[in-house]
Amino acid sequence: MPVAAPSNHPEPTTATPAPAPPRRQPLQLALILVAAFMVVLDFSIVNVALPSIERELHMPADAVQWIVTGYAISFGGLLILGGRAADLLGRRRMFVIGLVAFAIASLAGGLAQDPVLLIAARVVQGAGAAVVAPAALSLITTGFPEGAERTRAIGLYGAVSSVGFVAGQVLGGVLVQFTSWRAVFLVNVPVGLIAAALSPAVLGRAAAARNKIRLDVRGALLITGAVTLIVFAVSQGVVLGWTSPLVIAATVVAAAATAVFMRAETRHPAPLIKPALLHRKGLRDGTTLAFLLGLWNGGEMLVLSLYLQQVLHESPLLTGLIIAPQGVVGFAAGVIGPRLAGKMGVRRLLVLTAACAAAGFLVLTQLPAAGYSPVLFVVTLIGFGTAGTALGSTVLASRGMADADQGLVGGMINTSRQIGAAVGAALLPAVAVSVSGGIGVSGDRAAMFAAALAALAATAVAWRAARPVPARAAT
């Protein structure tokens, strides 16, 4: 593994409070996990409410998707900046700021009487989540020593995320069916504000920076713009067409911004992303696995939801309940995954979990054309593979990294997964439509095969990562 050359410039650092006593660590972890659950829950809980929102606010069909796309673009685009801000300005401080912004935006969304205000609230929600997610993950990776303790904490983080994503489908169905679509937004308000209020007492107050902070503003603007345009291009490709001038222009500008960003980072005394970090094999493998995981997970949830409602004609609530075992098994995988990692190693665990996800998708290529079938129970195998891969990729990416870079690592992992989810949510439904013309089950089967290919690619990456490193390469 290449060794980073020492820098001639002092790193901007923040004063970090002393680690909490062991008796306080469970409270800190619980608070972080509650915040992570709320953010992940919001990815899927709103999807069930879209038809009700469209009817009540009289929104055009092509405008409704911006309730989802607006959140995805701001969240994906700001994650790396949010992660580095946590490193420079204080993880606890940014954690609280993100929670408050998320809660206020949720209140605005729940009270919105105008579609424009609702979409704007979703954009601010995404920005708040982009601050909370990397700050939460870096609070874990810096608050627990590297090894078994950190792996267990990351396992619980992944377990809660798995449950949150699936729970959103179920909870969204319940709230919409028995109350109103507004409840899917308002439910976040007390949770976010209470978590923010408790943070200073549980996590400790953020200390002032020891050194003068110098944020790489140019790099932040370039990478934020590039990722935002990538997420926009992918999410709009299906809506506008992949040959749409707007989609092509967004892709070209994103590529140019990325190239300029990479060149600028080599010249900045305190770059947003240190070029040496990109040579870390663990970080490269971890972000690649996170991207592939996001691809199969984001696409699978959407295709399965449409299949259950449009082909099997199940209700939104029952659809969520059928998918729920995936989240339950995902939670279990997050709990027992650290033990498995301790026995077989993180890299071998990644091979196992990615292969399990691939096997589950291959079985789903035999989706029935009518009636519930036990074959759908293999979503539990996918849940195990997804949660285990999330755990392993995070441990792999954060291992050996300095505490001063853990927020950035959290931002990069989350960004990779979010871009993957945007690609999956666009690609897998497009495969389904192109094969079956939007009618019948053949397209859904093809989409599951595409997801299997992504999981098989992740298995290959994990297999390569698990191979022993030659002595010459390790020096």
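Residues numbered from 1 in each chain as written. Predicted model: local features only at pLDDT ≥ 70, side-chain atom pairs only at ≥ 80, totals over all residues. Heavy atoms only, no water.

Things to note about the overall build of the protein chain
A tally of regular secondary structure across the protein chain gives 18 helices and 0 strands. For the protein chain, the proportion of its 475 residues judged to be buried stands at 55%. Excluding contacts between residues fewer than 6 apart, the proportion of contacts in the protein chain whose partners are at least 24 apart in sequence is 83%. With an accessible surface of roughly 19700 Å², the protein chain has 69% of that area assigned to carbon and sulfur atoms. (Helix = DSSP H or I, 4+ residues; strand = E, 2+ residues; numbered from the N terminus. Buried < 20%, exposed > 50% of the residue type's maximum accessible area, 1.4 Å probe, protein only. Contact = heavy atoms within 4.5 Å. Areas by Shrake-Rupley, 256 points an atom, 1.4 Å probe, with all protein chains shown as cover.)

Remarks on the packing of helix 1 (residues 25–45) against helix 5 (residues 91–111)
Packing of helix 1 against helix 5 brings their axes to within 12 Å, and their N-to-C directions diverge by 40°. The orientation of helix 1 with respect to helix 5, classified from their angle, is oblique. Where helix 1 crosses over helix 5, the handedness of that crossing is left-handed. Contacts between helix 1 and helix 5 involve Leu31, Ile32, Ala35, Met38, Val39 and Asp42 on the former and, on the latter, Phe95, Leu99 and Phe102. By residue class, the composition of the contact of helix 1 with helix 5 is 8 nonpolar, no polar and 1 charged. (Axes fitted to C-alpha atoms, helices over the stretch in contact; angles between N-to-C directions. Parallel < 35°, antiparallel > 145°, perpendicular 65-115°, else oblique. Left-handed = near helix turned anticlockwise from the far one by under 90°. Nonpolar A, V, L, I, M, F, W, Y, C, P; charged D, E, K, R; others polar.)

A short note on the confidence of the model for the protein chain
The predicted model of the protein chain averages 82 in pLDDT, with 90% of residues at 70 or higher. Considering only residues more than four positions removed or in separate chains, one finds that residues 1–18, a stretch of pLDDT under 50, has 31 contacts. Scored below 50 in pLDDT, residues 471–475 shows 4 contacts in the model against residues more than four places distant or in partner chains. (pLDDT = per-residue confidence, 0-100.)

Side note on the nonpolar core
Within the largest apolar cluster, 119 residues are counted, with the highest numbers of intra-cluster contacts made by Phe95, Trp296, Tyr307 and Leu376. Per element, the largest residue contribution to this core is 13 residues, and it comes from helix 12 (residues 281–311). For leucine 376, the contacting residues outside a window of four places in its chain are Leu304, Tyr307, Leu308, Leu312, Leu364 and Leu367. (Core = buried A, V, L, I, M, F, W, Y, C linked by side-chain atoms within 4.5 Å.)

Notes on the pattern of salt bridges
Throughout the structure, instances matching the rule amount to 5 salt bridges. Aspartate 87 serves as the salt-bridge partner of arginine 84, at 3.1 Å between the closest nitrogen and oxygen. With arginine 84 and aspartate 87 both in helix 4 (residues 66–89) and 3 residues apart, the pair spans about one turn of that helix. On the basis of relative accessibility, which here comes to 6%, the residue arginine 84 falls in the buried class. Aspartate 87 sits in the buried class, given a relative accessible area of 4%. Taken together, the shared-partner salt bridges in this structure form one network comprising Arg84, Asp87 and Arg91. (Salt bridge = Lys/Arg side-chain N within 4 Å of Asp/Glu carboxyl O.)

Quick look at empty space enclosed by the protein
By rolling a water-sized probe across the atoms, one finds the places where empty space is left. Across all of its chains, the model carries 1 cavity of 30 Å³ or more by this definition. Looking at the largest cavity, its volume works out to about 100 Å³. When residues of the lining of the largest cavity are traced back to their parent elements, those giving at least two are helix 7 (148–178), helix 12, helix 13 (316–344) and helix 15 (379–398). No other element matches helix 7, which puts 4 residues into the lining of the largest cavity. Looking at side-chain class alone, the lining of the largest cavity contains 4 nonpolar, 8 polar and 1 charged residues. (1 Å grid on protein atoms, 1.4 Å probe; cavity = no way out; pocket = protein on both sides within 12 Å on 5 of 7 lines; lining within 4 Å. Points joined across faces, edges and corners; volume = space filled by probe spheres on them.)

Here's the deal with helix 4
Given 3.6 residues per turn, any residue in an α-helix points the same way as the ones three and four places further on. The largest bend in helix 4 amounts to roughly 45° and is located at leucine 79. The element helix 4 is extensively covered by neighbouring structure, given that 19 of its 24 residues are classed as buried. Count one or two residues on from helix 4 and you reach glycine 90, which has phi positive near 110°. (Bend = angle between axes of the 7 residues up to and from the residue.)

Comments concerning the environment of valine 46
With respect to the helices and strands, valine 46 occurs in the loop between helix 1 and helix 2 (50–57). On the basis of relative accessible area, valine 46 is assigned to the buried category, the value being 0%. Valine 46 sits 137 residues away from alanine 183 along the chain, and the two C-alpha atoms are 9.8 Å apart. Those residues in contact with valine 46 that sit more than four places away from it in its chain are Ile67, Arg122, Val184 and Phe185.

Looking at the side chain of asparagine 297
By the element assignment, asparagine 297 lies in helix 12. Classification of asparagine 297 as buried rests on a relative accessible area of 7%. Those residues in contact with asparagine 297 that lie beyond four places of it in its chain are Phe165, Gln326, Thr386 and Arg417.

Some points on the packing of aromatic side chains
Counting across every chain of the model gives 3 aromatic pairs. For the ring pair tyrosine 71 and phenylalanine 75, a centre distance of 6.0 Å and an interplane angle of 10° mean the geometry is stacked. Remark: phenylalanine 75 and tyrosine 71 occur in helix 4; sequence separation between them is 4 residues, near one turn of the helix. Residue tyrosine 71 shares its accessibility class with phenylalanine 75, and that shared class is buried. (Phe/Tyr/Trp six-rings, centres within 6.5 Å; stacked < 30°, edge-to-face > 60°.)

Overview of unusual backbone geometry
The phi dihedral of histidine 58 falls on the positive side, at around 55°, and the residue is not glycine. Looking at the secondary structure, you find histidine 58 in the loop between helix 2 and helix 3 (61–64). Since its relative accessible area comes to 69%, histidine 58 is described here as exposed. Phi is positive for histidine 313, which is not a glycine, with a value near 60°. Structurally, histidine 313 is set in the loop between helix 12 and helix 13.

A word on the packing of helix 14 (residues 346–364) against helix 15
As a packed pair, helix 14 and helix 15 sit with axes 8 Å apart at the nearest point and diverge in direction by 150°. As far as their axial angle goes, helix 15 and helix 14 are roughly antiparallel. For helix 14 against helix 15, the interelement crossing comes out left-handed. Here the residues of the contact of helix 14 with helix 15 are counted per class, giving 16 nonpolar, 7 polar and 1 charged.

Description of helix 6 (residues 115–143)
With 29 residues, helix 6 should reach 42 Å at 1.5 Å per residue; the first-to-last C-alpha distance of 41 Å fits that figure. Looking at where helix 6 begins, the residue whose side-chain oxygen comes 2.9 Å from the main-chain nitrogen of valine 116 is aspartate 114. (Expected span 1.5 Å × (residues − 1). Polar contact = N/O pair within 3.5 Å; in protein donor to acceptor, adjacent residues only side chain to side chain.)

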